[in-house]
Amino acid sequence: MSVQTEPRASREIGNARKRKEDRRLITGRTRWTDNLVLPGMLHLAMVRSPFAHAKILSVDVEQAKAAPGVVQVITGADVADVQGALPCAWPITADQKAPDHPAIAVDRVAFSGEVVAVVVAASAAQARDAAELVDVDYEQLPAALDLKKARADEALAHPDLGTNTSAVWQFDSAQAGTGGDVDELIAAARVDGVVVEREFRNQRLIPSFMEPRSTVVDPTGEQFVMWSSTQVPHILRLMLATTLGVSESKVRVIAPDVGGGFGGKLQVTPEEVITFLAARRTGRPCKYTETRSESLLAAHHGRDQWQKLTLAADKDGTVRALKVDITADMGAYLGLVTAGTPILGAFMYNSIYTFDAYQFTCTNVFTNKTWTDAYRGAGRPEATFAIERMMDELAVELGREPMELRQQNWIRHEQFPFTSVCGLEYDSGNYEAATARAMELFDYDGLRREQTERRERGDSVQLGIGISTFTEMCGIAPSRMLGELNYGAGGWEHADVRMLATGKVEVVTGSSAHGQGHETAWSQLVADKLGVAFEDVEVLHGDTQIAPKGLDTYGSRSLVVGGQAVVRAADKVIEKAKPIAAHLLEAAADDLEFTDGRFAVRGAGEGGKSVSMGEVALATFAAHDLPEGIEPSLDSAATFDPVNFSFPHGTHLCAVEVDTETGQVSMRRYVCVDDVGTIVNPLIVEGQIHGGLAQGIAQALWEEAVFDDQGTLVSGSFVDYTLPTAADTISFVTDNTVTPATTNDIGAKGVGEAGCIASTPAVVNSVIDAVRHLGVNDIQMPCTPQRVWTAIRTAGRTTADPTTPESTSHFDPDQPNQDPPGPGDHTGVDDQKGTGA
Amino acid sequence: MTRINVKVDGVDHTDEVEPRMLLVHYLREQVGRTGTVVGCDTSNCGACTVHLDGRSVKSCNVLAVQADGHEVTTIEGIADGDRLHAMQQAFHDCHALQCGYCTPGMIMQSIDLLNDNPNPSEDEIRHGLEGNLCRCTGYHNIVKAVQQAAGAGVGGGGGR
């Protein structure tokens, strides 16, 4: 497999088309769910638990019911028999334990933020005012908060389960027959090789899509129309039907313009079910739009793992075995793919390296915190972070140059297709080419020289260089493999291509975009395929009545799976058009060729007769003169189920400056060269990489969901959950090498998650590289100035750095008007302090 | 209820509002200008940025009654018919938006930034947009768009 350098063969694929989606977004004519107003519409406000774990003793709604504008107040008890349980689509083991997951808590709350009552009122303000009047009496229960303590069952998140362990899932290469015995090779390396053992914390993050979630449900007679800011309208429709016992055919779900998702809107939420129930109970359209604080508190979180790794290598640096032991925080419940999210990383810790043996064990643990689920990369960023940190640690252990050590161990380009130690077949790639380009753009050698100079002169600002050579598995996913992993659905995608009488084309796709630019990219695919103008293609999506079949958008799957479905449907249109074109040309169908949108007799030359796709479409519409037995339609559908995952890869290089006196980290340079296969639209690909980088860098440096020792989310607003701003980030240098994927006709591999997966370890490696000479070998993410400064000050000691105290330091118990820490009712203590002062 | 007179995107409005009503809610719920959106509840994200008498404000941080007697311009009021404002055009040209939710506020803030400083450095652009959060673009192309708009004369009088 070599790097593709020949010019593109088509007009649209590879063309940096500006997006069709933009106009309504830049002029404010967008249809966000919260913009919808229906006649007689009611508004919902949620009453949420302030406690992480408590019994609900009583819910007094009388005052709220009497408040102006209030139509209903709904408690868990009111809907206990009809609300069903929110779905977990991925039970990872047969003996997986999980509590029921009610939309409205009935007798117990298991995390702070859980809904205990719902006010339905004439206006949003009235609903929110009345929600303040609902009086809930709780009896607090011991809460499982710290992940490691929870794994040891110190307190139980769900006492009825008898344990916090939901499931233990293992992959072992010896058992699977895909590699050797990991323990044997580690034991051998302890005698005659090198063994590196590390434990990393992959902190809890909050997806933080910019559009808060919103749902409108209109009960139109016996049907229900739901608009929701979701990534997964089709899955949502199916799950509403199964959860609430309504007929799937009576539910229409529309995802209008959706303001970002990043996995955070890959969910069937309590709020969606509640809005549905409220509309059914009142018989009127109902809307719920969350506040940002509610979103951060109760929309699912991501990551949150402790990762223990043991890597065995020969003394010459050849890697042999990797053993991974993950403790994954589920939070309080299993959402749609909560349990499977860490498993999506199971086959990726070995990454691009040729290990002989591999074992991955994941223990899923409940705590009394917001539940976790998919967040950009879902399992694969965790894997990439851990292995890329380990490769740096191995390099240090051996005194080797970290890039050169990676090169020694990665799959060489001539080895593709390559079967990994997990049994996955990596179809294509060229790590050497991507790395060479990245090193050149980065001026790797120059920065290494500068680093040496700064070290030598003892500069207080040190330079660090971090590497991440990564791959991921995406294009989720072959249905057969999802079945083997016990996932509840398949991984296919559907498309229809419809030829209109005027030669315009409608493309219906099951992919449901929320910022990715599908309308533009799909238009490019079809324009090339059918030889029509880019402008003449209309892409329809995001409404189960318009696009009735689909599995939606996540896991970098849209172009690879959904785009391929579009291509196949377009192929079928050409096949259906061919006999009609032959009839019009008075030729044999077998003699025709289709190029640039025209059918012509093969070899007839420029003067030969030809007919365009548009002319065939019109003739088909009129149907006055069609060949015998041909149906008057060119419209075609295709459902594509991939045979394999796709494996984008890339080399990311980061340079940071670390002020050793303050711990401040400043980005100096970021270069990445990604191989995402054939690129349909370079503008969109570049944009996806940029955004992914910012999110991955944010995990390394800035973001963390922090709970206090009461289980209250401390980083519950954008004041404390610190998304990067324009001033925190830099302009990135991005480029691509291309080895086409072999598992779809487009050659695309997927790009949505690449930047986010690859960047985190590159940044952390660079921060540690800057201060390694001071004795630092790990800094827990996010690498805040305080943590970096502390690491430098305590260098040489391995620091377990608990996140909670520093993050809650602004709640100082000795200051007035501060709640002192401690369980139970604290008003008395506070009062005493107040009077004493 | 309090009566207010506000000119929104060139149209005079007289409305009765609750004194506690935020300008953004007034714009969205009473005037029907839903192009301006709410992204947070702590004045951090800037998605609701509009112009009040030509200067950018976060409309979640202004009461509707404070706009009484003033002129508000939203994202829906800056294009000239079908002709986009140069900043809108720059966002489109540079792929400075993906999901588009932050975009109305980002565009309004970017115009204000150039009104203040028609020829900003990259660093000045980045700091000028610090109060507006974007989760999709990593800001890379937003910075490029502001640079393009500056080149087209936005802020220097040639913006349209």
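Here the structure is a predicted model, which is why all the values come from computation and not from measurement.

Rules behind the numbers
Residues numbered from 1 in each chain as written. Chains lettered and ligands numbered in written order. Predicted model: local features only at pLDDT ≥ 70, side-chain atom pairs only at ≥ 80, totals over all residues. Heavy atoms only, no water. Helix = DSSP H or I, 4+ residues; strand = E, 2+ residues; numbered from the N terminus. Buried < 20%, exposed > 50% of the residue type's maximum accessible area, 1.4 Å probe, protein only. Lys, Arg positive; Asp, Glu negative; His and termini not counted. Salt bridge = Lys/Arg side-chain N within 4 Å of Asp/Glu carboxyl O. Polar contact = N/O pair within 3.5 Å; in protein donor to acceptor, adjacent residues only side chain to side chain. Domains from an automatic or database assignment. Contact = heavy atoms within 4.5 Å. Buried area = accessible area lost by both parts, 1.4 Å probe. Pairing = 2+ DSSP bridges. Nonpolar A, V, L, I, M, F, W, Y, C, P; charged D, E, K, R; others polar. Axes fitted to C-alpha atoms, helices over the stretch in contact; angles between N-to-C directions.

Caption draft 1: Highlighting the side chain of R237 of chain A. All names here are of chain A. Within the element layout of this structure, R237 appears in helix α8 (residues 233-244). Summary of buried charges: R237 has no salt-bridge partner, and the nearest side chain of opposite charge, E248, is 4.1 Å away. Separated by 2.8 Å, the side chain of R237 and the backbone oxygen of V251 make a polar contact.

Caption draft 2: Highlighting the domain arrangement of chain A. Residue and element names in this part refer to chain A. As far as domains go, chain A holds domain 1 (22-28 + 492-640), domain 2 (41-409) and domain 3 (427-472 + 646-830). A straight line from the C-alpha centre of domain 1 to that of domain 2 covers 39 Å. Counting residues at the interface gives 18 residues for domain 1, matched by 19 residues for domain 2. Both sides together, the interface formed by domain 1 and domain 2 hides about 1,500 Å², and carbon and sulfur atoms give 46% of it. Per-residue buried area on domain 1 facing domain 2 is highest for H514, T544 and D552; these three make up 39% of the total on that side. For the interface between domain 1 and domain 2, the tally reads 2 salt bridges. The salt bridge involving R252 is made with D543; its shortest N-O contact spans 2.7 Å. Counting the contacts that link domain 1 with domain 2 gives 10 residue pairs in polar contact (both at pLDDT 80 or more).

Caption draft 3: Representation of the pattern of salt bridges in the model. Residues and elements named next belong to chain A. Here the structure, examined in full by the defined rule, presents 64 salt bridges over all chains. In this structure, the salt-bridge partner of R213 is E271, at a minimum N-O distance of 3.4 Å. One end of the pair, R213, is in the loop between β8 (193-205) and β9 (214-220); the other, E271, is in helix α9 (residues 270-282), with 58 residues separating them in the sequence. Both residues of the pair, R213 and E271, count as buried. With its nearest N and O atoms 3.0 Å apart, the salt bridge here joins E493 to R557. Taken together, the residues E493 in strand β19 (residues 493-499) and R557 in the loop between β21 (537-540) and α17 (558-585) connect sequence positions 64 residues apart. Given the relative accessible area of 0%, E493 is considered buried. Taken together, the shared-partner salt bridges in this structure form one network comprising R48, R213, E271, E290 and E294.

Caption draft 4: Representation of the pairing of strand β3 (residues 49-52) of chain B. All names here are of chain B. Of the two faces of β3, the one lined by T49 and H51 and the one lined by V50 and L52 are each fully buried. Two strands pair when backbone bridges link them, and β3 and strand β4 (residues 55-58) are joined in this way by 4 bridges, in the antiparallel orientation. By the bridge assignment for β4, H51 is matched with S56. What sits between β3 and β4 in their antiparallel hairpin is a turn of 2 residues, with D53 showing a positive phi close to 50°.

Caption draft 5: Quick look at the interface of chain B and chain A. Contact with chain B, which involves 43 residues of that partner, is made by 52 residues of chain A. With both sides pooled, the region where chain B packs onto chain A buries about 4,100 Å², and carbon together with sulfur makes up 55% of that total. Applying the counting criterion to the chain B and chain A interface returns 5 salt bridges. For D34 of chain A, the salt bridge identified is with R28 of chain B, shortest N-O distance 2.9 Å. At the boundary of chain B and chain A, one finds 27 residue pairs in polar contact (both at pLDDT 80 or more). For the side of chain B that touches chain A, the elements supplying multiple residues, two or more each, are α2 (86-93), α3 (103-116), α4 (122-128) and α5 (140-151) of chain B. Looking at the side of chain B that touches chain A element by element, the count peaks at 4 residues for α2 of chain B. Of the residues belonging to the side of chain B that touches chain A, the class tally is 17 nonpolar, 16 polar and 10 charged.

Caption draft 6: Main features of the sheet that holds strand β24 (residues 610-612) of chain A. All names here are of chain A. As summarised here, the arrangement of the 3 strands in space is β22-β23-β24, forming an open sheet in which the pairing is antiparallel. With partners counted over all chains shown, the strands left at the sheet margins are β22 (592-595) and β24, one partner each. Adjacent strand axes in the sheet meet at a mean angle of 25°, parallel and antiparallel pairs treated alike. In the sheet, β22 pairs with strand β23 (residues 598-601) via 4 bridges, with the strands oriented antiparallel. Pairing of E593 across the sheet is with A600, part of β23. The sheet contacts of α17 involve β22, β23 and β24, and relative to β23 the element is tilted by about 55°. Each of β22, β23 and β24 touches helix α18 (residues 613-622); the most contacted strand, β24, lies at about 75° to it.

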